[in-house]
Amino acid sequence: MRAIQIGSCGVVLVGLCAAVALGQQAGRGGQPQTLGGMVLRLPAPTDKTVDWPAASITAGFKEMVEKKLETSRILEGGVFNFNVRRETAAEEGAGTHGKKADLYLIRSGEATLTTDGQLINPKPGGGTEGDADGTGIRNGKSRVVRTGDVIFIPPGVPHQITAVNGEVQFLLFRWDTK
């Protein structure tokens, strides 16, 4: 009898997990959530290409401004992802990634990006193993980044947007390197 109860609970738990997962994948009416016509958290296909026309990216950023969103994940590939980001103020803290590299492509605006150096008050981050967060960066390199700039940040290197001139919008590509 006890085995039947445990088995029934297991079936219910698996069913609930599946329902939650499906709910996260879809918005209202079972349709995928979109941003400017782009599907959010699109699982990366392995058998075809995916295109994001400039008009879709522009519409996505416009929608983010309207909804006051800072980040949206567009493509999810497990060991890599593609995000659209916008910042209107300095980030509250700095961070590093244990295994992932970041590539920023500044689409519009201007901000001060501080990298390198050491995290101040480091603690384990909420991401993958080796990620860390801190209150800032000591002995870092600060520079103004503008439309068209591309920045590569390797794993383990602290980074933080420390000032924003109005708003900065950028594409963020992240992938495992280790």
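Undergrad: So what exactly am I meant to see when it comes to the overall build of the protein here?
TA: Secondary structure assignment for the protein yields two helices and 14 strands. Put simply, the protein has 178 residues, and 31% of those count as buried. Partitioning the intrachain contacts of the protein with sequence separation of at least 6 by distance along the chain shows that 71% fall at a separation of at least 24. Carbon and sulfur atoms provide 57% of the accessible area of the protein, an area that totals close to 10,600 Å².

Undergrad: Would you mind going over the pairing of strand β5 (residues 80-87) with me for this structure?
TA: Along any regular strand the residues' side chains alternate between the sheet's two faces. Within β5, seven of the eight residues are buried, which leaves the element mostly enclosed by the surrounding structure. Pairing of strand β4 (residues 71-76) with β5 involves five bridges; the strand directions are antiparallel. The partner of Ser 72 across the bridge, within β5, is Val 84. Count of turn residues in the β4/β5 antiparallel hairpin: three residues, of which Gly 78 carries a positive phi of about 80°.

Undergrad: I keep staring at the nonpolar core and nothing clicks. Help me out?
TA: Soluble, globular proteins show a tendency: their nonpolar side chains are buried together. Within the largest apolar cluster, twelve residues are counted, these being Tyr 104, Ile 106, Ala 111, Leu 113, Val 145, Ile 151, Ile 153, Val 157, Ile 161, Val 168, Phe 170 and Leu 172. Counting residues per element, the ones that place at least two in this core are β7 (100-115), β13 (150-153) and β14 (159-176). Those residues in contact with Val 157, other than ones at most four positions away along the chain, are Gly 95, Thr 96 and Asp 116. Core analysis: the second largest hydrophobic core is formed by ten residues, Ile 57, Met 64, Leu 75 and Phe 82 among them.

Undergrad: Mind showing me how you'd approach the pattern of salt bridges here?
TA: When their charged atoms lie close together, side chains carrying opposite charge are able to pair. For the structure on display, the rule yields ten salt bridges. Arg 73 is paired through a salt bridge with Glu 76; the nearest N and O atoms lie 2.7 Å apart. A residue is classified by how much of its surface remains accessible, and Glu 76, at 23% relative accessible area, is partly exposed. Among the ionic contacts, a cluster of salt bridges with common partners joins Arg 41, Arg 73 and Glu 76.

Undergrad: Can you walk me through the environment of Val 145 in this structure?
TA: Take Val 145: it is sitting in strand β12 (residues 141-146). Taking the C-alpha atoms as reference points, Val 145 and Val 164, separated by 19 residues in sequence, lie 9.7 Å from one another. Not counting chain neighbours up to four residues away, the residues in contact with Val 145 comprise Ile 106, Gly 109, Glu 110, Ala 111, Leu 113 and Ile 151.

Undergrad: Looking at this model, I keep getting lost on helix α2 (residues 54-67). Mind explaining?
TA: One turn of an α-helix holds 3.6 residues; hence residues three or four places apart share an orientation. In a regular helix each residue adds 1.5 Å, so 14 residues correspond to 20 Å; α2 covers 20 Å between its end C-alpha atoms and thus fits that length. Restricting attention to buried positions, one finds in α2 the residues Ser 56, Ile 57, Gly 60, Phe 61, Glu 63 and Met 64. The arc enclosing the buried residues of α2, seen along the axis, measures out at 160°, which places them on a common side. Of the residues in α2, the exposed ones pointing more than 90 degrees away from the buried face are Ala 54, Ala 55, Lys 62 and Glu 66. Structurally, α2 contributes buried residues whose contacts are with β1 (34-35), β2 (38-39), β4, β5, β7 and β14.

Undergrad: Can you walk me through the packing of aromatic side chains in this structure?
TA: According to the stated counting rule, one finds four aromatic pairs in the structure shown. Among the aromatic side chains, those forming a connected cluster through ring pairs are Trp 52, Phe 82 and Phe 173.

Definitions and limits used
Residues numbered from 1 in each chain as written. Predicted model: local features only at pLDDT ≥ 70, side-chain atom pairs only at ≥ 80, totals over all residues. Heavy atoms only, no water. Helix = DSSP H or I, 4+ residues; strand = E, 2+ residues; numbered from the N terminus. Buried < 20%, exposed > 50% of the residue type's maximum accessible area, 1.4 Å probe, protein only. Contact = heavy atoms within 4.5 Å. Areas by Shrake-Rupley, 256 points an atom, 1.4 Å probe, with all protein chains shown as cover. Pairing = 2+ DSSP bridges. Core = buried A, V, L, I, M, F, W, Y, C linked by side-chain atoms within 4.5 Å. Salt bridge = Lys/Arg side-chain N within 4 Å of Asp/Glu carboxyl O. Expected span 1.5 Å × (residues − 1). Arc of directions from axis to C-beta. Phe/Tyr/Trp six-rings, centres within 6.5 Å; stacked < 30°, edge-to-face > 60°.

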